Amino acid sequence: MNAGRRNCLTVAARLALAVMGASCMAPSFGAAVFPDKPVRMIVAFPAGGGTDIVARLMAEKLTARWGQQVIVDNRGGAGGVIGTEAAARAAPDGYTIFMATLGNLSINPHLYKMGVDPSADFAPISNVVDVQFALVANPKLPVKNVEDLIELAKKKPDEITFSSSGVGGAPHLAGELFNEMAGVKLTHIPYKGSGPGFTDLIGGQVNVTFDSLVQSLPHIKAGKLRPLAVLGRQRSPLLPDVPTLSEAGVPGYNFTNWFGLVAPRGTPAERIDALNAAVNGVLQDPEVRQRLADMGATPAGMTPAAFETLIQDERAKWGKIIQEQQIQAQ
């Protein structure tokens, strides 16, 4: 082989080695940045309820943040069990997330024979909001305050009805806690979500409900519902003249709901961390915080570990109440 040919081969070999080395050192531009396709956010209740309203706000803001569509998928029915099971069985890849509630994760396991175990089958992402609840009545019900309601309920046991989003949901448990602590018996009327229940409450088919301000505040402002009390420890700045239930005649009563995001268990930790960072970033947005506050929801945000502790603590608390009051799925 002549010298010129050897030199050409040597140069070619060096160039090949240089290209190979550069390809090893350079970032892989083909690697996808999460998320690189639409994300599905399951809600276990029909459109129009409090969980759905918060989910759609978060979906809007996550879509803007990621440049990928976040699609809200309403899977109502069976007190939230249908949506919970669908979310738990989704592929654990970060592209399906679940806007869960206190009822979905901490209450329903005590009431239903579920096809999934919310404790084992979900990876917590973050709590999203703490939600103030209110006791509201159809204005045609002849009561002006909680004392009137208790007096009427004692005169007409089982005749005063309260709606809920389904057996075992937070509104149901809030009403049963009222029954226990007020010494009355309001009759529970479950619906497939808060939205249909509010339609009948406004129409007079049921008398009262214990549900979130996210859902009830627009109807209160429109004069379609009468607020009797808020259910937390403190009055709501949105309804400063409305007493807490504890102030209004049921001392010691306290109930607050929460909505939070989880993913199917097995979702890679790095994607859980990415989801957590995105959710907590959205919750720091002043516009989002104001919109949530205007709904009666307090932005939460926390680490996955802290959210898991909250879920388990609430599960133990409500398991005890359900057992003591012998609440059963209907």
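About the thresholds
- Residue numbering note: each chain is counted from 1, following its sequence as written.
- Only residues with pLDDT of 70 or above have their local features reported here, since the model is predicted, and side-chain atom pairs are shown and tallied only from 80 upward, although totals for entire chains, interfaces and linings are computed over all residues.
- As a rule here, side-chain values cover all heavy atoms of the structure and leave hydrogens and water aside.
- To define axes, lines are fitted to C-alpha atoms, for helices over the stretch in contact only, and angles between the resulting N-to-C directions are given on a 0 to 180 degree scale.
- Starting at the N terminus, helices and strands are each numbered in turn, a helix being any DSSP run of H or I of at least four residues and a strand any DSSP run of E of at least two.
- Geometric relationships in this document are graded by angle, where less than 35 degrees denotes roughly parallel, more than 145 denotes roughly antiparallel, 65 to 115 denotes roughly perpendicular, and other angles denote oblique.
- Left-handed describes a crossing whose near helix is turned anticlockwise from the far helix through less than a right angle; right-handed describes the clockwise counterpart.
- Every residue pair with non-hydrogen atoms within 4.5 Å of one another is taken to be in contact.
- Relative accessibility thresholds used throughout: buried, under 20% of the residue-type maximum; exposed, over 50%; partly exposed, between the two (1.4 Å probe, protein chains only).
- Charged means Asp, Glu, Lys or Arg here, nonpolar means Ala, Val, Leu, Ile, Met, Phe, Trp, Tyr, Cys or Pro, and polar covers whatever is left, Gly included.

### A closer look at the packing of helix H8 (residues 194–203) against helix H9 (residues 213–221)
Where H8 meets H9, the closest approach of the two axes is 11 Å, and the angle between their N-to-C directions is 25°. The angle between H8 and H9 places the two elements in the roughly parallel class. The crossing of H8 and H9 is right-handed. Residues Ser194, Gly195, Phe198 and Ile202 of H8 form the contact with H9, whose own contacting residues are Gln215, Ser216 and His219.

### Digging into the environment of Leu105
If you trace the backbone, Leu105 turns up in helix H4 (residues 102–107). When its relative accessible area of 2% is taken as the criterion, Leu105 is described as buried. When the C-alpha positions of Leu105 and Leu149 are compared, they lie 31 Å apart, and in sequence the two are 44 residues distant. Setting aside chain neighbours within four positions, we find Leu105 in contact with Phe98, Ala100, Pro118, Phe122, Trp258, Val262, Ile311 and Arg315.

### What about the environment of Lys317?
By the secondary structure assignment, Lys317 is in helix H13 (residues 304–325). Taking relative accessible area as the criterion, Lys317 reaches 42% and is therefore assigned partly exposed. Placed 210 residues apart in sequence, Lys317 and Ile107 show a C-alpha to C-alpha distance of 9.1 Å.

### Details of the packing of helix H7 (residues 170–182) against H13
Remark: H7 packs on H13, axes separated minimally by 11 Å, with the N-to-C direction vectors making an angle of 55°. With respect to their mutual orientation, H7 and H13 come out oblique. In terms of crossing hand, the pair formed by H7 and H13 is left-handed. Two secondary-structure elements touch here, H7 through Leu173, Glu176, Leu177 and Glu180 and H13 through Trp318, Ile322 and Gln325. Taken together, the residues that form the contact of H7 with H13 break down as four nonpolar, one polar and two charged.

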